[in-house]
Amino acid sequence: MSARPSAGFRMIKFILMVNRQGQTRLSRYYTPVELSRRALLEADVVRCCLSRKKDQCSFVEYKDFKLVYRQYAALYIVVGVTDSENELSVYELVHNFVEVLDKYFSRVSELDIMFNLDRVHIILDEMIQNGHIVETNKSRILAPLNALDKMADG
């Protein structure tokens, strides 16, 4: 079996969370990208999405994959997906991710993400594994964090 995905293979390649200034606040890659190329890829992807007008579609064809992005206040969440991935399901996944963050942080902000990056990654890991959506139930996604918080509280 080839390690390279076939044309019909559906998956998430990466997730970025960036602010309006284009600063990356979170990045998670599900396919290998050399560190030296990540900064260039992120800058190009962010420039592509942030330069679009509000009335334009949130799905963009980009090189050999697609970008699905959504803006929440001062943050943009950009997801790179294979051509065969369903854009609407990824768009809904982004919304669900933000709802989970809101539930955990009680109205999530950019500072919450910056100072609790480990917790944001745990949430993301509960939702997506190896580039595939594995969980969307908010309570089940938050269960590991709630357990960690209980242990920390004593």
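This one's a predicted model, so the numbers in the text were calculated from it and none came from an experiment.

Here we come to the UniProt feature "domain: AP complex mu/sigma subunit" (unreviewed entry) in the chain. When the UniProt feature table is mapped onto this chain, "domain: AP complex mu/sigma subunit" (unreviewed entry) is found at residues 11-151. Secondary structure across residues 11-151 comprises 47% helix and 26% strand; the distance between its end C-alpha atoms is 34 Å.

With that settled, consider helix H2 (residues 87-105). Here H2 is 19 residues long and its end C-alpha atoms lie 27 Å apart, about the 27 Å a rise of 1.5 Å per residue gives. By the burial criterion, the buried members of H2 are Val90, Leu93, Val94, Asn96, Phe97, Val98, Val100, Leu101, Tyr104 and Phe105. A distance of 2.9 Å separates the backbone nitrogen of Leu88 from a side-chain oxygen at the start of H2, and that oxygen is part of Asn86.

What follows is about the packing of aromatic side chains. According to the stated counting rule, one finds 5 aromatic pairs in the structure shown. A ring pair is formed by Phe14 and Phe65, whose centres lie 5.6 Å apart and whose planes are at 90°; its orientation type is edge-to-face. Linking Phe14 in strand E1 (residues 12-19) with Phe65 in strand E4 (residues 65-72), this pair joins segments that are 51 residues apart in sequence. The class for Phe14 is buried, based on a relative accessible area of 2%. The buried category is assigned to Phe65, whose relative accessible area is 7%. One aromatic cluster is present, formed by Phe14, Tyr29, Tyr62 and Phe65 through successive ring pairs. The ring centre of Tyr91 lies 4.0 Å from the NZ or CZ of Arg70, which sits over that ring.

Taking 1.5 Å per residue as the helical rise, helix H5 (residues 138-153) with its 16 residues ought to reach 22 Å, and the 22 Å between its terminal C-alpha atoms agrees with that figure. Largest kink in H5: about 35°, centred on Pro144. Those residues of H5 that are buried lie in contact with H2 and helix H4 (117-127). The opening residue of H5 is Asn137, an N-cap whose side-chain oxygen sits 3.0 Å from the backbone nitrogen of Ser139. Immediately downstream of H5, the backbone of Gly154 shows phi near 105°, a positive value.

In this section: a nonpolar patch on the surface. A cluster of nonpolar side chains, namely Leu111, Met114 and Phe115, defines an oily patch on the protein surface of about 330 Å² accessible area. Mapped onto the elements, Leu111 comes out in helix H3 (residues 110-115). A relative accessible area of 51% places Leu111 in the exposed class.

For the rest of this paragraph, the subject is the pattern of salt bridges. Inspection of the entire model under this criterion finds 9 salt bridges. Residue Arg10 is joined to Glu85 by a salt bridge in which the shortest nitrogen-to-oxygen separation is 3.7 Å. One end of the pair, Arg10, is in the segment before E1; the other, Glu85, is in the loop between strand E5 (75-81) and H2, and 75 residues separate them in sequence. As a salt-bridge pair, Arg28 and Asp125 come within 2.5 Å of each other at their nearest N and O atoms. Note that Arg28 is positioned in strand E2 (residues 24-29) and Asp125 in helix H4, a separation of 97 residues in sequence. Accessibility expressed as a relative area gives 31% for Asp125, which makes it partly exposed. Through salt bridges with shared partners, a single network forms among Asp44, Arg47 and Lys63.

Cut-offs used in this document
Residues numbered from 1 in each chain as written. Predicted model: local features only at pLDDT ≥ 70, side-chain atom pairs only at ≥ 80, totals over all residues. Heavy atoms only, no water. UniProt positions renumbered as here; feature names shortened; annotations may be inferred. Helix = DSSP H or I, 4+ residues; strand = E, 2+ residues; numbered from the N terminus. Expected span 1.5 Å × (residues − 1). Buried < 20%, exposed > 50% of the residue type's maximum accessible area, 1.4 Å probe, protein only. Polar contact = N/O pair within 3.5 Å; in protein donor to acceptor, adjacent residues only side chain to side chain. Phe/Tyr/Trp six-rings, centres within 6.5 Å; stacked < 30°, edge-to-face > 60°. Lys NZ or Arg CZ within 6 Å of the ring centre and 35° of its normal. Bend = angle between axes of the 7 residues up to and from the residue. Contact = heavy atoms within 4.5 Å. Patch = residues over 30% accessible without salt bridge, like charges linked within 9 Å, V, L, I, M, F, W, Y side chains within 5 Å. Areas by Shrake-Rupley, 256 points an atom, 1.4 Å probe, with all protein chains shown as cover. Salt bridge = Lys/Arg side-chain N within 4 Å of Asp/Glu carboxyl O.

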